[in-house]
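Structural characterization, general
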Amino acid sequence: MKKNNWSKMVQTFSRRSGIYIIFFISIFLLISVLTAVQPAYRFSSDMLSNWTKEMDSTIFYHLITMENRAYEQSFPEGEAEIPKLSSLFFELTSNVKPTDPRSLFGNEIPGFAIFDNQLLMASDNDFTHFPIESNPPLEEVLRDREAVLTEEEETEEDKEEEIENEQTTGDRDVVFIYNTHNRESFLPHLPNETNPNAAMHGEINITKVSDRLAEGLERKGIGTQVDKTDIGEVLNELGMGYNQSYEASRDVVEEAMAGNQEIQYMFDLHRDALRRDKTTQTIEGEDYAKVLFVIGTGHPDYENNLKVATELHALIEEAYPGMSRGVYQKDGSGGNGIYNQDLADNALLIEFGGVDNTMEELYRSADALAEVFSEYYWDAEAVQSDQ
């Protein structure tokens, strides 16, 4: 009997030892694979975040309640049952949610995936507010057109600069403004043009809004550098297409960063191709061109840019309700998802108005943004100096 018991103990120990050995070898092999694989194929926090976003959020509530039953009271009525594991497995392996047809259509229908990008808005997620980017042939962008400015708008453009703040950055230019699509113009100033995609001009364009914003920031004591590169001409000289604009402007950004170590914020100003009813807000009897912050999430370090955009959106909504259309997160599906924002923190793409807005409305919004951003900037500087 003793021999039999001893034999059984040896067999049990052998089996368990074998299991342990296999387990540790598997762990060793897994770690070896994860450390040897190329960085592009490793797990990242961004990858895991996107993966968990596909899961039903109530699953995480259930996991919490397993540790603390008091949280069960927080469940909405009718959602107390844990989701079926079969449904969870199906969603994770197929990226298709049975309750959301867009998850299927977005994967199967070309162009439909753009509606899976996130638009953080003040009121509702209206898909008609998604920005529309003009993408005409380069020859159409460079074509000569007649353009006009009224006397009032010309006077406003030449508004005398005065420092309105006691605080100042001195001779440091801490904000850099440029225009990847510098020839984007506005139909009210193109008398012979009616096609929104052809609203382009070499002089009367979004660069004037950049100048106006810079003037407003300078008056608030914030040194600002405005780039004057004609990206359209650069593309023409290099034999590139209009869809390569961000490649051309990337050189502009890198050169600016190399030449000015004081840059803290970078703004790429654009004009949306949406029509007037989506890009105009009346505030206290005056029309403003709405602004939209576009954040490229196609690179791993977008969180700080998103934070700045979200905070500015909230401040604009407080001071000028309805002037901000929100924060649009673009992941690169169906187009660019980086916008050169991977080069630095605090890099934003800002859509100013649309094809139907006037310079008067655009200047008004540029002044408003300068006012809001200056408060944001000096508050951040005060916090930084206290640390």
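Look a little higher up for the structure.
Residues numbered from 1 in each chain as written. Predicted model: local features only at pLDDT ≥ 70, side-chain atom pairs only at ≥ 80, totals over all residues. Heavy atoms only, no water.

**A look at the overall build of the protein**
Along the backbone of the protein there are 13 helices and nine strands. When burial is assessed residue by residue, the protein has 41% of its 387 residues classed as buried. The contacts in the protein between residues at least 6 apart in sequence include a share of 76% that link residues at least 24 apart. With an accessible surface of roughly 22,000 Å², the protein has 53% of that area assigned to carbon and sulfur atoms. (Helix = DSSP H or I, 4+ residues; strand = E, 2+ residues; numbered from the N terminus. Buried < 20%, exposed > 50% of the residue type's maximum accessible area, 1.4 Å probe, protein only. Contact = heavy atoms within 4.5 Å. Areas by Shrake-Rupley, 256 points an atom, 1.4 Å probe, with all protein chains shown as cover.)

**Remarks on a nonpolar patch on the surface**
The grouping of Ile-19, Tyr-20, Phe-23, Phe-24, Ile-27 and Ile-31 at the surface amounts to a nonpolar patch, some 650 Å² of accessible area in total. Looking at where Ile-27 falls in the secondary structure, it is placed in helix H1 (residues 2–36). (Patch = residues over 30% accessible without salt bridge, like charges linked within 9 Å, V, L, I, M, F, W, Y side chains within 5 Å. Salt bridge = Lys/Arg side-chain N within 4 Å of Asp/Glu carboxyl O.)

**Description of the packing of aromatic side chains**
Overall, the coordinates contain 10 aromatic pairs when judged by the stated rule. Their ring planes at 85 degrees and their centres at 5.3 Å tell us that Phe-267 and Phe-373 sit as a pair that is edge-to-face. Note that Phe-267 is positioned in strand E4 (residues 265–270) and Phe-373 in helix H13 (residues 359–386), a separation of 106 residues in sequence. Of the two residues, Phe-267 and Phe-373, both sit in the buried class. Between Tyr-288 and Tyr-320 the ring centres are 5.7 Å apart and the planes differ by 50 degrees, which places this aromatic pair in the tilted class. Placement of the pair is Tyr-288 in strand E6 (residues 286–289) and Tyr-320 in the loop between helix H12 (303–319) and strand E8 (324–330), with a sequence separation of 32 residues. Tyr-320 carries the same exposure label as Tyr-288, and that label is buried. A connected cluster of aromatic rings, assembled from ring pairs, spans Tyr-265, Phe-267, Phe-373, Tyr-376, Tyr-377 and Trp-378. In this structure, Arg-364 packs its charged tip against the face of Tyr-288, placed 5.9 Å from the ring centre. (Phe/Tyr/Trp six-rings, centres within 6.5 Å; stacked < 30°, edge-to-face > 60°. Lys NZ or Arg CZ within 6 Å of the ring centre and 35° of its normal.)

**Things to note about helix H8 (residues 206–219)**
For H8, built from 14 residues, the straight-helix expectation of 20 Å at 1.5 Å per residue is met to within 8% by its first-to-last C-alpha distance of 20 Å. Turning to H8, its buried residues number three or more, namely Ile-206, Lys-208, Val-209, Ser-210, Arg-212, Leu-213, Ala-214, Glu-215, Gly-216, Leu-217 and Arg-219. (Expected span 1.5 Å × (residues − 1).)

**Overview of the packing of helix H9 (residues 231–238) against helix H10 (residues 245–259)**
Taken N-terminus to C-terminus, the directions of H9 and H10 make an angle of 110 degrees; their axes are 10 Å apart at the nearest point. In terms of their interaxial angle, H9 and H10 are classed as roughly perpendicular. Here Ile-231, Val-234 and Leu-235 of H9 lie close against H10, whose contacting residues are Ser-245, Ala-248, Ser-249 and Val-252. Classifying every residue of the contact of H9 with H10 gives five nonpolar, two polar and no charged. (Axes fitted to C-alpha atoms, helices over the stretch in contact; angles between N-to-C directions. Parallel < 35°, antiparallel > 145°, perpendicular 65-115°, else oblique. Nonpolar A, V, L, I, M, F, W, Y, C, P; charged D, E, K, R; others polar.)

**Observations concerning the environment of Asp-251**
Tracing the sequence through the fold places Asp-251 in helix H10. A relative accessible area of 48% means that Asp-251 is categorised as partly exposed. A sequence separation of 89 residues divides Asp-251 from Asn-340, and the C-alpha atoms of the two residues are 9.6 Å apart.

**Details of the nonpolar core**
In terms of nonpolar packing, the biggest core is built from 45 residues, with Phe-267, Phe-293, Phe-352 and Phe-373 touching the most fellow members. Put simply, the parts of the chain that give this core at least two residues each are strand E2 (175–178), H8, E4, E6, strand E7 (291–296), H12, strand E9 (347–352) and H13. For this core, the element with the highest residue contribution is H13, accounting for 12 residues. Within the second largest apolar cluster, 17 residues are counted, among which are Phe-176, Tyr-178, Met-200 and Met-266. (Core = buried A, V, L, I, M, F, W, Y, C linked by side-chain atoms within 4.5 Å.)

**What about unusual backbone geometry?**
Of note, Asn-340 is a non-glycine position whose phi angle comes to about 65 degrees, a positive value. With respect to the secondary-structure elements, Asn-340 resides in the loop between E8 and E9. One non-glycine residue, Asn-346, adopts positive backbone phi at about 60 degrees. Tracing the backbone shows Asn-346 in the loop between E8 and E9. Since its relative accessible area comes to 16%, Asn-346 is described here as buried.

From the geometry alone we can't say anything about function, so treat these as descriptive.
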